[in-house]
Every structure is written in structure tokens, then in C-alpha cells.
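Observations on the model geometry
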Amino acid sequence: MGVLLHIEHLDKAYGPHTLFEDAVVSISDGDKIGLVGRNGAGKSTLLRMIIGDETPDAGDIVIHPECRLGYLKQHEDYQKGETIIDYLQRTSNKEEWSCAKMAGRFDLKKERLLLPYESLSGGYRMRVKLAAMLLHEPNLLLLDEPTNFLDLQTQLLLERFLQEWNGAFLIVSHDREFLQNTCEQTLEAERGKLFLFPRPLDEYLAYKEEKLALDVKYNQNIEAQKKHLEAFINRFRAKASKATQAQSRMKQLRKLKTIEIPSMLKTVKIRIPAVDHRKQFAVRTLRLAIGYGDRVVAQDISFEIDRGERVAILGENGKGKSTLLRTLAGKIEKLDGTFAWNNRLTLGFYDQHAPDELYPKETVWQYLERVALPGTEKEDVMRMAGDFLFPKDDLEKTIGMLSGGERSRLVLAGLLLSRPEVLLLDEPTNHLDLETVEALGNALRRWNGTVLFISHSRTFVNLIATRILDVRDGTVRNYPGTYEEYVYDVAKEEGVVSKEDQLAQQEARVRGASKTERYEKQKELKRAISKVEKQLDALEDERSGIMKLFTQDPAKFDLERTKRLSTLETMIQHSEAEWERLQAELAEIG
């Protein structure tokens, strides 16, 4: 395979912050590479240097003559009133039939080609941009966070395209599942260097972990040998009969070198304070209609969400996911119908645009102190800042100095300092690196509060969703299956399911109950659990009442109350055991 791109001795820094120092890498024809690294490691900067939008401080980026770069534009360059087919013809200078053929690869066919570009959702705009890029016939694609803001439908089309693509590509993404499904090699930007590993991401992460363990063990062995040699030298160096042996040991000692192991990079530690957990509803909607002004986006929306559920709101872009979440958060007015939150609950809302709308002259500390729950101790604010990788030295930084990922972390830290019992999250993982996405997902999975969220990161949804609301056809319905089944159904609708996937899914569904049967069983178990919980609440309230009477007059002996207390203890134990059994059965059917 011929080399398309070669980077050698690359240096790049912004003031005191070094991104690259003597970095080296080559990309050859057919390489399918996922570029990973922490926020601020220089991934997007590297792509901008390759296309010439930024200049290295030192070193060379050699683009070979046979290399034709294709870069997915992030900015909008359409003209007012321009249709999809007009846009493709203008940006590519190709014939209409050629543009239509390429657009068809992304399900942009027939009447869709005549839609105005400006009317398209983010997902469909991405499809048009991909088609426009490919019309220039590149053989090396550079894609910077292509899945940000993409709905699942478009993600699956993009995945299929990349899997079938014969050329090379370099993708920056923080979605582990997307990288795993598309990339055959992994390039990491870390500590100013570029390291290319010839296998997919999961194998690379396993390799890193194994290498670290081997290096640590090697160093331990070296230190043990050093200790043994030093003991021999100290004991015998003064004895003439052992002087030669001591000298030999000293030479051996000088040759023993440990492997330099860099200190571990700091990782976000997200700890969400537990909330008072009661088995009650969190929110109910009845024939709710949502939209803007006279425009109805979705209607006839009826559902109930219990406290402690983690609900993913999924569907195509432009169908009403964010509108639903903003309506429930009280940010926009409902058009019709009703919705009601349990009045004991406090809400916290993460707006996907919030990181871009922060006041740039405000410092990190000023922002966190301002949004924290009144009365929050200074130490708690500092601890939360540290957990989100804002050490003491960074607290006086102005927000204008922060990267996109740092701003997202700051907004999340501020949201958690407000101590909500319900989190409404609209695309919280955009701009976050892989480690932070998974740290946030794991923290939410452990939390006992209620979460309603929108995310196009399959890694994130897989980590936390216990239930799915599907937004389509102008309404919102409960999806009765698992997230894996939802992805399969969407892939089937888009015509991107392989025969192997079809067989695997059919076998999985044959082994288990149908989605409808399982959903009905889930509802039955949830009703039974709710009944047991109400019984437990009543029994515990009665027990507390008796205990209070005993406390008020501890000298008085009441035989009937004592017997009743003993009976209550037995009944509570039985009810708790029944609750655990029902919960285990519910978990087993997924």
C-alpha cells in the first residue's frame, strides 16, 4: 500500500500548552483509523493542520501527490433557497445524474432532492455534506466528530458507508461503539506524541492496560535485583577476598535500568449525591401537544415515568426530542394537554447549547459559585471542580479560555452542584472525550435519581437507559424492547442490516419472549412491585408509630403493641424478600 500522508517531527503549542512535540505518523492507502485522545490533546488541531487551516510550529506534513483529501465541513455554506440537488451540483461541478446517484447512497432520493437545504435537520445536512465531499472523489477522508448531533438513522448509514469504503480515513470520535464498528486501527494523541496501533480501539485499550501491568512488574523485578546487589556490595566490598565479586556486582547494578512509566493522566471522577428515593411517579403526561407557536411538532403524548427510571428519548432529528425535553423542563410552553411532575422533585436541565452560551469573561470559580445550590460549602464547590478536572490553579481561568470539552464539563459540574433530583439532559456527551462520556454514564447508572436524556452516543445510551421513548410519526410512544433491539429495528428500516445481524437477532428473539409479551410481563411485575412497596410503606409507618409510643413512655409495657411489633417485623421481612424476588425477575427479563 502506498503512503498517502506522512507527518514527521511535528511540533505545535499554544502559549505554554504543548499539543505536539516531535510527533510522527504515516497513513497509507486503505487505512481505517480512529483518532482518540483526551479533550485538549490536539485531535482537531491535527486535522486542521493537515488541511492547511493551521500551521505547525515545526516539522513537516507531507501530502503525497496521489493523495486526494476529503474534509467534512463543519460550517454551513449553502445559498438561500438552494435545494439539495442544487447544492450538490454547485459545490461539486458535477452533472445532475452524478449528484443524484451519490446522494442516493445516503437515502436522498427522488422528491427529497428537491427539498430546500435550509429546511433540513442536522442529520440530513450531514448526509448532504457527505455526498458533496465524495463527489470530489477523495481517497483519504478526514472526519472530525462526524456523529455529533447525528440521529441514529444517519449514524447507521454513515457506518455502513465507512465499512464499505475502499479508501483511507482518519476519524475523530468519542463514541466507542462507532469507532469499534468502523475503524481497524487506532491512533492516540497523548502527551504530545502520536502512537498508531494496528488494531481496533478495544484491543488497543487492552494492550495499554497489559503493557502498563508488565512495565510495573518489570520495574518491581529490577528494584528487587538492585536491592539484592546493593546488599551484597555493602556486605563484601571491604573484604579483600570478595572485592572482585563486589566490583562485578557494582557493574551489574549500573546496568540495571527501570522503564520510565509516565504518571497516569487525571480522569474525571463524577459523584452524584444520592436523593431521597420513594417509589412514586416522577412525571405524567396526558394527551400532551408540543411545538412552537402555531406549529405542532408532536401530539397525543401520554406516558408515566417512575422515580429512579433512566429514560432515553430517541428518534430522528427534527421530530421533537428536544422540544419534548424543553417542554417538560418548563423552558417552553405546552400547546395542549397536560403534564405534571411530582411536586416534591427538583429539576436540573442540561441544554446542548449551554456550553456555547456561557459568559466568556466569568471565571470557572465565579460560575460554579453562582449556579451552586444556595448554602453550598466552599469546600464542596472546590471538590466538584476538582472532580471535573478543574484544579485550584484553573479556578481563576476565564471561560473564554476553555475548550469545548472543558466548557461542557463545567456546565455539568454546575448542574450537579444545584443538587437536582431529576436530570433532564439534552446531548450531554457532545464535545466530551471518551473517558468523560463513560465516567458520566457510569455515575448516572449508579445514581438513584431520575434521568430523561437525549443522546446520539450509543455507548452512553447502552450504559444507562432502562427504558426508551420513541419519537416518530408526530407522537411519542413507549418502545417495548431493549436498546439493542431498537438499534436493530432502525437499521432494518434504513436497509443497513447485514444477513449475519438478521440471523443473530432472529435467534435472540426466538430464544426470548417477543417484545410485546416481555413488555406485558414487565408491566405485570411492576404493578406487583408497586403493590408490595405500598404494603411496605404502610407496615413501616405502623412500626414507626409503635416505636414512637415506646420512646415517649419507655417504662410502660404494652403486651398487645409488643406482639404487634413482632408481627410487623416478620411481615416486613417477608415483604422485603418478595420485593427482592420480583426485582430479580424483572431484571432477568430485561
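Since this is a predicted model, take the numbers as computed values, not measurements. (Residues numbered from 1 in each chain as written. Predicted model: local features only at pLDDT ≥ 70, side-chain atom pairs only at ≥ 80, totals over all residues. Heavy atoms only, no water.)

Regarding the overall build of the chain
To keep it simple, the criterion reads: Secondary structure follows DSSP: runs of H or I at least 4 residues long count as helices, runs of E at least 2 residues long count as strands, and numbering of each begins at the N terminus. Burial classes follow relative accessibility: with a 1.4 Å probe on protein chains only, a residue under 20% of its type's maximum area counts as buried, one over 50% as exposed, and anything between as partly exposed. Whether two residues are in contact is decided by their heavy atoms, any of which lying within 4.5 Å being enough. Areas reported as accessible are Shrake-Rupley estimates using a 1.4 Å probe. Residue values count occlusion only from the protein chains shown. Within this scheme the basic residues Lys and Arg register as positive and the acidic residues Asp and Glu register as negative, but His and the chain ends are omitted. Every charge is mapped to an atom, namely NZ of Lys, CZ of Arg, CG of Asp or CD of Glu.
Counting its secondary structure elements, the chain contains 18 helices and 18 strands. Its C-alpha atoms put the chain at 90 × 90 × 55 Å along the principal axes. The proportion of buried residues among the 590 residues of the chain is 46%. If you take every contact in the chain between residues at least 6 apart in sequence, the share linking residues at least 24 apart comes to 70%. For the chain, the accessible area works out to roughly 30900 Å², and carbon and sulfur atoms hold 50% of it. One finds the centroid of the 87 positive side-chain charges in the chain at a distance of 5 Å from the centroid of its 94 negative side-chain charges.

Comments concerning the sheet that holds strand β10 (residues 281-292)
What holds strands together in a sheet is hydrogen bonding between their backbones, with the strands either parallel or antiparallel. Put simply, the rule is: For two strands to count as paired, DSSP must find a minimum of two bridges between them. Every axis corresponds to a line fitted to the C-alpha atoms, with the helix fit spanning only the stretch in contact, and the corresponding angles, defined between N-to-C directions, vary from 0 to 180 degrees.
Taken together, three strands build an open sheet; the order of strands is β11-β10-β13 and the sheet is antiparallel. What marks the edges here is a single partner per strand, and that holds for β11 (295-306) and β13 (336-341). Strand after strand, the sheet turns through a mean of 20° between neighbouring axes, direction not considered. Judged from the eight bridges that link them, β10 and β11 form a sheet pairing that is antiparallel. Following the sheet pairing, Phe281 is matched in β11 by Asp306. Sheet contacts for helix α9 (residues 321-328): β10, β11 and β13; angle to β10, the most-contacted strand, approximately 120°.

So, the packing of helix α2 (residues 84-92) against helix α4 (residues 122-134)
To be explicit about the condition: Between 65 and 115 degrees an angle is taken as roughly perpendicular, under 35 as roughly parallel, over 145 as roughly antiparallel, and anywhere else as oblique. The sense of a crossing depends on the near helix, which, turned anticlockwise from the far helix by less than a right angle, makes the crossing left-handed and, turned clockwise, makes it right-handed. Charged means Asp, Glu, Lys or Arg here, nonpolar means Ala, Val, Leu, Ile, Met, Phe, Trp, Tyr, Cys or Pro, and polar covers whatever is left, Gly included.
Closest axis-to-axis distance for the α2/α4 pair is 9 Å, and the angle between their directions is 30°. Taken together, the axes of α2 and α4 lie roughly parallel to each other. For the pair α2 and α4, the crossing hand works out as right-handed. Here Ile84, Tyr87, Leu88 and Thr91 of α2 come into contact with α4, specifically with Val128, Lys129, Ala131 and Ala132. In the contact of α2 with α4, the residues fall into six nonpolar, one polar and one charged.

Thoughts on the pairing of strand β6 (residues 140-144)
Quick note on the threshold: We call a crossover right-handed when, viewed with the strands running away from us, the connection from the first strand over the helix to the second turns clockwise.
Buried residues dominate β6, accounting for five of its five residues. Burial along β6 is two-sided: Leu140, Leu142 and Asp144 facing one way and Leu141 and Leu143 facing the other are all buried. With three bridges connecting them, strand β5 (residues 69-71) and β6 associate as parallel partners. Residue pairing in the sheet places Tyr71 in a bridge with Leu142 of β6. In this structure, β6 lies alongside strand β7 (residues 168-172), joined through five bridges in parallel fashion. If you follow Asp144 over to β7, its bridge partner there is Val172. A crossover connection joins β6 to the parallel β7 through helix α5 (residues 152-164); in handedness this β-α-β unit is right-handed.

Looking at the nonpolar core
Burial of nonpolar side chains together is a common tendency in soluble globular proteins. To keep it simple, the criterion reads: Here, nonpolar core means buried Ala, Val, Leu, Ile, Met, Phe, Trp, Tyr and Cys residues that are tied together by side-chain atoms lying within 4.5 Å of each other.
Counting 57 residues, the largest nonpolar core has Ile270, Leu368, Phe388, Leu410 and Leu444 as its most contacted members. Examining the composition of this core, we find that seven residues originate from one element, helix α12 (residues 404-417), more than from any other. Apart from residues no more than four positions distant in its own chain, Phe388 is found in contact with Val268, Ile270, Arg409, Leu412, Ala413 and Leu416. With 37 residues, the next largest nonpolar core counts Tyr87, Leu108, Tyr124 and Leu150 among its residues.

Description of the packing of aromatic side chains
Selection rule: For Phe, Tyr and Trp, rings pair up if their centres lie within 6.5 Å, where Trp contributes its six-membered ring, and each pair is then called stacked (planes under 30 degrees apart), edge-to-face (over 60) or tilted (otherwise). Our definition puts a charge over a ring when NZ of Lys or CZ of Arg is within 6 Å of the ring centre and also within 35 degrees of the ring normal.
Counted according to the given criterion, the structure contains twelve aromatic pairs. Ring geometry for Phe197 and Tyr207: centres 4.8 Å apart, planes at 25°, overall stacked. Of this pair, Phe197 sits in strand β9 (residues 193-197) while Tyr207 sits in helix α7 (residues 201-236); the two residues are ten residues apart in sequence, bridging distant segments of the chain. The class for Phe197 is buried, based on a relative accessible area of 12%. A connected cluster of aromatic rings, assembled from ring pairs, spans Phe195, Phe197, Tyr204 and Tyr207. When the ring centre of Tyr124 is taken as reference, the NZ or CZ atom of Arg127 above it lies at 4.1 Å. The ring of Phe281 is capped by Arg284, whose NZ or CZ atom sits 3.7 Å from the centre of that ring.

Some points on the pattern of salt bridges
Test applied: The term salt bridge refers to a side-chain nitrogen of Lys or Arg lying within 4 Å of a carboxyl oxygen of Asp or Glu.
Applying the stated criterion to the full structure yields 28 salt bridges. Here Glu190 makes a salt bridge to Arg191, at a shortest N to O gap of 3.9 Å. Classification of Arg191 by relative accessible area gives partly exposed; the value is 43%. Notably, a salt bridge pairs Asp351 with Arg326, separated by 2.8 Å at the nearest N-O pair. One end of the pair, Asp351, is in the loop between β14 (347-350) and α10 (364-371); the other, Arg326, is in helix α9, with 25 residues separating them in the sequence. A single salt-bridge network, built from bridges that share partners, covers Glu188, Glu190, Arg191 and Lys208.

Quick notes on the domain arrangement of the chain
Note on interface size: it is often stated as the accessible area lost on association of the parts. Defined as follows: Residue ranges assigned to the domains are those given by an automatic or database domain assignment.
Taken as a whole, the chain is organised into domain 1 (3-204), domain 2 (281-481) and domain 3 (501-589). Between the C-alpha centres of domain 2 and domain 3 the distance comes to 31 Å.

Side note on the environment of Leu141
Within the element layout of this structure, Leu141 appears in strand β6. With relative accessibility at 0%, the residue Leu141 sits in the buried group. Residues Leu141 and Lys266 lie 125 residues apart in sequence; the distance between their C-alpha atoms is 32 Å. In this structure, Leu141 is in contact with Gly70, Met133, Leu134, Phe161, Leu162, Trp165, Ala168, Phe169 and Leu170, ignoring residues within four places of it in sequence.

Description of α2
Stated precisely, the cut-off is as follows: Read the arc as the range of directions from the helix axis to the C-beta atoms.
Of the residues making up α2, those classed as buried are Ile84, Ile85, Tyr87, Leu88, Thr91 and Ser92. For α2, the angular spread of the buried residues around the axis is 160°, confining them to a single face. Summarising the contacts, the buried residues of α2 are in contact with α3 (96-104) and α4. One or two steps after α2, the chain reaches Asn93, where phi turns positive at roughly 60°.

With respect to the sheet that holds β7
In space, the six strands of this open sheet follow the order β5-β6-β7-β3-β8-β9, with mixed pairing throughout. Only two strands of the sheet have a single neighbouring strand rather than two, namely β5 and β9. For this sheet, the mean inter-axis angle between neighbouring strands, taken without regard to orientation, is 20°. Sheet analysis places strand β8 (residues 185-190) next to β9, joined by five bridges and oriented antiparallel. Its bridge partner lying in β9, Leu187 is registered against Leu196. Each of β3 (32-36), β6 and β7 touches α5; the most contacted strand, β6, lies at about 150° to it.

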